[in-house]
Structures are given as structure tokens and as C-alpha cells.
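Read off the chains here:
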Amino acid sequence: MLAFGYDYNRDDYKLLAGVCGPDSVFEVFSQGLNSWRTIRNILSEFYISNHSGVLVNGVFHWLDRRKGSSNVLLVSLDISNEIFKEMELPKQPSEEIQQRRREWDYRLMFLNLGVVEGCLCLFVVEVAVRVDVWVLQNYGVPDSWTKRYTL
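Every chain begins its residue count from 1, and numbering advances along the sequence as written. Thresholds applied to this predicted model are a pLDDT of at least 70 for local features of residues and 80 or more for the giving and counting of side-chain atom pairs; totals over whole chains, interfaces and linings are not thresholded and use all residues. Where side-chain values are given, they derive from all heavy atoms of the structure, hydrogens and water being excluded.

Draft legend 1. Examining the sheet that holds strand β5 (residues 54–56) more closely. Here we have four strands laid out as an open sheet, ordered β5-β6-β7-β8, and antiparallel in their pairing. Edge positions in the open sheet fall to β5 and β8 (84–87), since each of these has one partner strand only. Within the sheet, the average angular offset between the axes of one strand and its neighbour, ignoring direction, is 35°. When DSSP finds two or more bridges between a pair of strands, those strands are recorded as paired. Counting from the N terminus, the helices are DSSP H or I runs at least four residues long and the strands are E runs at least two residues long. As paired strands, β5 and strand β6 (residues 59–65) are joined by three bridges and run antiparallel to one another. Note that in β6 the partner of valine 54 across the bridge is histidine 61. Each axis is a line fitted through C-alpha atoms, and for a helix only the stretch in contact is used; angles between axes span 0 to 180 degrees, taken between their N-to-C directions.

Below, the structure written as C-alpha cells:
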């Protein structure tokens, strides 16, 4: 996994390189310091993540799941302090996915992250049926996820 971005707090470009799986390892290269640093506070194993982080508000974001769980979660890495955290996804699509799994309804459905008008967004795609676009209106406020579009 690779991610590249600009750290406005430190006036520095950073490259994140990681190996995904049970023994995830992440290194951050700071152009300003011309050095690599290992990140050790990894929350999860990056199983279902697309391999490029989505950068919003100086924070990289990935979709992921914990070992032994099918629940999807949102993992973030602040580019300045280089600390991983979990963030909440909107409740409705998360609950809908869990309900489908309980009912053995495995229609092709997937999630992806993006940016809409500078805001983090979640695409909930049900192949050949619809795409819902959820937008985090106020960054860091879980209740501000809003379904903006259904296509």
C-alpha cells in the first residue's frame, strides 16, 4: 500500500509505504527529514482496503476490517502525528450490509472512499442496481454522514 501527501503542519511531503496482512508493517518517509520511520500503533490488518489512501483534512483514510470480523471500518492516519485511528462509517449502510449477511443475501455490493467538494465520502455500490454517495459534512463528527446522492 502506498500513500503520498503534503503535511501542512510541518511543511513536509510524506510517503507512507505498507505491507498489508496479518503482520502489517508501515513506514513513513519524510522528505524534510530525509528519513524513514516505522509506525507501530497499527489498528487493523488492511484486508479489504483499496491500496491508496484518500487524503482529506491532512488525514489518509482506508476501508478495512479487523482480523476475524466481517464488519467494515474506516481507518485513518493523521499525516502530521502519524497515528492510526478508527472513524465511524454512516450507520445505515453499515447496518444494511450486516442485515444482508445475516440473511445470506450476497448480491454484489462493495464500498469505496472518495472526496466530494473537499469532504470525505463513501460510495455504497450495489452492482447493476444503485450507487449511494454518503458525505461526511463535518469532519470528525460521526452523525454528520449524509446520503447526498443515489444514482
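Draft legend 2. How the structure looks around the packing of aromatic side chains. Aromatic contacts are taken between Phe, Tyr and Trp rings whose centres are within 6.5 Å, Trp giving its six-membered ring; a plane angle under 30 degrees counts as stacked, one over 60 as edge-to-face, and the others as tilted. Per the stated rule, a full pass over the model turns up seven aromatic pairs. With 4.8 Å between their ring centres and 55° between their planes, tyrosine 6 and tyrosine 13 make a pair best called tilted. A simple rule labels every residue: compare its accessible area, found with a 1.4 Å probe on the protein chains alone, to the largest value its type can have, and call it buried under 20%, exposed over 50%, or partly exposed in between. Given a relative accessible area of 21%, tyrosine 6 falls into the partly exposed group. For tyrosine 13, a relative accessible area of 37% translates into the label partly exposed. With a centroid separation of 6.3 Å and 40° between ring planes, the pair formed by tryptophan 62 and phenylalanine 84 is classed as tilted. With tryptophan 62 in strand β6 and phenylalanine 84 in strand β8, this residue pair connects regions lying 22 residues apart in the sequence. What makes tryptophan 62 buried here is its relative accessible area of 0%. Connected via pairs of aromatic rings, a cluster forms that spans Phe4, Tyr6, Tyr8 and Tyr13.

Draft legend 3. The sheet that holds strand β11 (residues 130–136), seen in detail. Here we have four strands laid out as an open sheet, ordered β9-β10-β11-β12, and antiparallel in their pairing. The sheet terminates laterally at β9 (109–116) and β12 (145–150), the two strands that pair on one side only. The average angle at which neighbouring strand axes cross in this sheet is 25°, direction not considered. For strand β10 (residues 119–126) and β11, the ladder comprises six bridges, and the chain directions are antiparallel. Along β11, the bridge assignment pairs cysteine 121 with valine 135.

Draft legend 4. Seen up close, the pairing of β9. Across eight bridges, the pairing between β9 and β10 is antiparallel. Looking across to β10, one finds that glycine 114 is bridged to cysteine 121.

Draft legend 5. Structural detail: the nonpolar core. Within the largest apolar cluster, 15 residues are counted, with the highest numbers of intra-cluster contacts made by Leu63, Leu74, Leu113, Leu120, Leu122, Val124 and Trp145. Of all the elements in the fold, those that place two or more residues in this core are β5, β9, β10 and β11. The term nonpolar core refers to a set of buried residues drawn from Ala, Val, Leu, Ile, Met, Phe, Trp, Tyr and Cys, joined through side-chain atoms within 4.5 Å. Ala3, Leu16, Trp62 and Leu73 belong to the second-largest nonpolar core, a separate cluster that totals 13 residues.

Draft legend 6. Region of the structure containing the side chain of serine 30. In this structure, serine 30 sits in strand β3 (residues 25–30). A polar contact of 2.3 Å, which involves the side chain of serine 30, links it to the side chain of aspartate 12. For the purposes of these results, a polar contact is taken to be a pair of N or O atoms within 3.5 Å, where, inside protein, one atom must be able to donate a hydrogen and its partner to accept one; residues adjacent in sequence count only when each atom of the pair is a side-chain atom.

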